Amino acid sequence: MQRLTGSHAWMVFSLAFLAACSPASRELVGHSLETGAYPYFEFANTFFEGQIFEVGVDSTRFPNLREAECDLYVVEARTKTQWANDKSLQHAGSEGPWTIQTSSTPDIRDNIFALQDAGLSGSPADGRFGKGYDVVLDCNRNALLDIGDSMDRVADGSGLHMAPDPSLPGPFGVSSADYSFLGAPKGFRDARVFYPAEIAALGELPVVVISHGVTHDYRWYDHIQSHLASHGFIAVAHQNNVPDGEAPYALAAETTFEHTHGFLKKHKSIAGGALKNHVDSTRIAWLGHSRGGAGVTHAYMALASGAFSSNKFDVEDVRLVGGIAPVTPLPEDLASGGQGLPNDVPYMLLVGSADGDLCNCSDVFNESEWTFRQYERMTGEKSYVSIHGMGHEAFHNGGNPLDSEGTCLLDRSVAHPIINAYLLAGLSYHLRGDLAGKDFLWRHWETFQPDGIPEHNEPGCELVVNRAHRPAQSEIAFSLDDYQNDTCPALVNQASSGAAVEFDVEVLEEGVLSDTNREIRAASFFDVGRCDEMPCDWIVGNMVENQCNLACASYGQTCVLEIDPMNGMFNGVLDGLNEPRGVTFEWAGDERYYAFEIPAEKRNLLGHKFLSLRATQVSRHPYTKTNVVVGDDLSFSVELRDTAGASSRIEIDAYGAGIELPYQRAFVASPGGWANEWETIRIRLQDFRRHNPFINLKEIETIRFLFGGSYGTAQGRIGLDEVELID
């Protein structure tokens, strides 16, 4: 049977369940793994329209599917009520339904069927991003959904979504108009709106408001605005009051708020009345670039606290706040009412790892320029996209230089399609509930990327995009360890959930994810053992050579040069604002482990979907690889073991990607990395059963992370956080 060869050119419908007495709803859609490694294919929800796809029958777990003859239908998505009223199977494409005959062997690799149907569209006429389908395996072949059939349908909607390429323009033409709002601060009243040219035939559309930064211009974001308008959004960019210097961000916040209020107030008269009856004031997103990124967060909290109020919209109507290379407000910048403090509004962050302004780098002692800090403060659903080679000014299309530092720098011809793709996917998901956009928030770039994005503009360089996503709290079934224990010293043998932790990895340290000496050097001057009478948090968060020597001198001690356990971490500081914590450790050559013993009351994992975690390679460490052109992913294995001793193990790069090398920049001390970049790793719990169908997911006693040459990369130093079970 022909195997998959493209990065996202295939789909697999894993036919994993055949109900004995009624149609079974199960997650079935996935894609074969190009690595050819166990577990051989991965469940997934979203695929690009027009692709070849596959059907794979997993008769290892379900022997009744051996030597079975079934018809496969792809049906336009129906609600449960619609299915109850109409059980007929009507194939949505032009080529199916297909009849498949499985073999007698239990290996899924012997039961893969290549299919194609160009008639399965991912572009609905209303401009929504992606289209949902229900996949049905009809094994009694009566063209009805009934006893003995299986259907791919998940709790939050259809099991399959076909999506257009999000980097390409949408189905609509684009119109624009300039206007002024006199209610905004004087000198900051102008704005420009983009909207679909066919808006008269559309209903109410969500609104995206874009706020620029210092020295920027509101007319420099038309690449984002026109792209969103072509996909059915209304996008407004406005003049923003962002004074230079280290001033509070209240003025920018006020300008964003006033322009949002003003647009909703006067939209009926803009563009000759074209927008009348087509603005949905209950679905708003605020996006801000640079200091504008701090301003939109500030504005949201002012709205939430009641400091801002409008009769046109309320805090519940702002469905997403987004930062584009944003400045992070410091405590002294926060006005009364809690502006800038942690909050649970969905948040999306886009950063450039070559940003020469907000660079997360050694000469930055001003923590407001640590772009990851705002992400860490957010307590609701959140995601970030980090683009290697992207400069601070590459996000807009103005005349400023790109402000990029490092290797393999991107120009705007490549940067803008990446930006457009991820903003479209994220905004579609958060503002319209388009589930096709959700996979773009966490699936790895190496195996899930749009074809419309050009090749890298520098010869010999490859595009690298890292993604992290943490779902809403309602989707986190059990947080095994988020490392938010704030005891001193940290309880390294006890998880935040109370689970016992065992390990034989080396140089393990728990603490605030904050670079100790602010210099991104693998070593720093501090010695907790000799200065242990000092407050532990102060040592971890603030120690540099001179401070350490002065502090230890009172004890007649001298600091020694030791490894900086949090080197390259620019996620938080000791400011009392949701200080993010995690663990770092290393290994070399030998087989090592880091393991959790699951509490007895939490050992039933059968009803959960993913084991999820985030990890990062630690910058500038001797074990961190230093190929300055193409990053080399780090890999390790994850093992489940039940109370009877049955186990199953999966190496994370079997899915096509591990943990990316930190972006490379030239630096006065040495090359070898920059700020650490976190990535989300998710493994479907059912994947462990394909290797060992006898493992009991209802009685999982331990989860072990295994390191060393037998399990992945022979040596490395990583950070780990957010080890969770999610639904």
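All of these numbers come straight from a predicted model, not from anything done at the bench.

Cut-offs and rules
Residues numbered from 1 in each chain as written. Predicted model: local features only at pLDDT ≥ 70, side-chain atom pairs only at ≥ 80, totals over all residues. Heavy atoms only, no water. Helix = DSSP H or I, 4+ residues; strand = E, 2+ residues; numbered from the N terminus. Buried < 20%, exposed > 50% of the residue type's maximum accessible area, 1.4 Å probe, protein only. Contact = heavy atoms within 4.5 Å. Pairing = 2+ DSSP bridges. Axes fitted to C-alpha atoms, helices over the stretch in contact; angles between N-to-C directions. Salt bridge = Lys/Arg side-chain N within 4 Å of Asp/Glu carboxyl O. Phe/Tyr/Trp six-rings, centres within 6.5 Å; stacked < 30°, edge-to-face > 60°. Lys NZ or Arg CZ within 6 Å of the ring centre and 35° of its normal. Polar contact = N/O pair within 3.5 Å; in protein donor to acceptor, adjacent residues only side chain to side chain.

Notes on the overall build of the protein chain
Okay, step 1: Scanning the protein chain from terminus to terminus reveals nine helices and 35 strands.
Okay, step 2: When the 727 residues of the protein chain are sorted by exposure, 61% land in the buried category.
Okay, step 3: Nonlocal contacts in the protein chain, meaning residues at least 24 apart in sequence, comprise 78% of its contacts between residues at least 6 apart.

Comments concerning the sheet that holds strand β22 (residues 465-470)
Okay, step 1: Here we have nine strands laid out as an open sheet, ordered β14-β15-β17-β16-β18-β19-β20-β21-β22, and mixed in their pairing. The two strands at the open ends of the sheet, each matched to only one other strand, are β14 (174-180) and β22. Each neighbouring strand pair of the sheet contributes to a mean axis angle of 15°, computed without reference to strand direction.
Okay, step 2: In terms of strand pairing, strand β16 (residues 205-211) meets strand β18 (residues 279-289) through six bridges, oriented parallel. The partner of S211 across the bridge, within β18, is G288.

Focus: the pattern of salt bridges
Okay, step 1: Applying the stated criterion across every chain yields a total of 25 salt bridges.
Okay, step 2: Taking the shortest distance from any N to any O, the salt bridge between D434 and R432 comes out at 3.1 Å. Per residue, the accessibility class of D434 equals that of R432, and both read buried.
Okay, step 3: E722 serves as the salt-bridge partner of R470, at 3.9 Å between the closest nitrogen and oxygen. On the criterion of sequence distance, the pair formed by R470 in strand β22 and E722 in strand β35 (residues 715-726) is long-range, its members being 252 residues apart.
Okay, step 4: On the accessibility criterion, E722 (7% relative accessible area) is buried.
Okay, step 5: Salt bridges here are not isolated pairs; linked through shared partners, they connect E376, R470, R614, D721, E722 and E724.

Re the packing of aromatic side chains
Okay, step 1: One pass over the full model with this rule turns up 23 aromatic pairs.
Okay, step 2: Residues F48 and F440 carry aromatic rings whose centres are separated by 6.0 Å and whose planes lie at 75° to one another, so their mutual orientation is edge-to-face. Of the two residues, F48 sits in strand β5 (residues 46-48) while F440 sits in the loop between α6 (412-432) and β22, which places them 392 residues apart along the sequence.
Okay, step 3: Overall, F48 belongs to the buried group, its relative accessible area being 7%.
Okay, step 4: Here F440 falls in the buried class, since its relative accessible area comes to 1%.
Okay, step 5: For the pair Y422 and F440, a centre-to-centre distance of 6.5 Å together with 75° between the ring planes defines the contact as edge-to-face. With a gap of 18 residues between them, Y422 in helix α6 and F440 in the loop between α6 and β22 connect regions that are remote in the sequence.
Okay, step 6: With relative accessibility at 1%, the residue Y422 sits in the buried group.
Okay, step 7: Taken together, F503, F585, W587, Y594, F596, F636, F705 and F707 form an aromatic cluster joined through their ring pairs.
Okay, step 8: In this structure, R614 packs its charged tip against the face of W678, placed 4.6 Å from the ring centre.
Okay, step 9: One residue, R690, lies across the ring of F41, its end atom 4.1 Å from the ring centre.

Quick notes on the side chain of T680
Okay, step 1: Relative to the helices and strands, T680 is located in strand β33 (residues 679-684).
Okay, step 2: The buried category is assigned to T680, whose relative accessible area is 2%.
Okay, step 3: Within the structure, the side chain of T680 is placed 2.8 Å from the backbone nitrogen of H469, a separation counted as a polar contact.
Okay, step 4: The residues touching T680, leaving out its near neighbours within four places in the chain, are W442, H444, R467, A468, H469, S612, L613 and R614.

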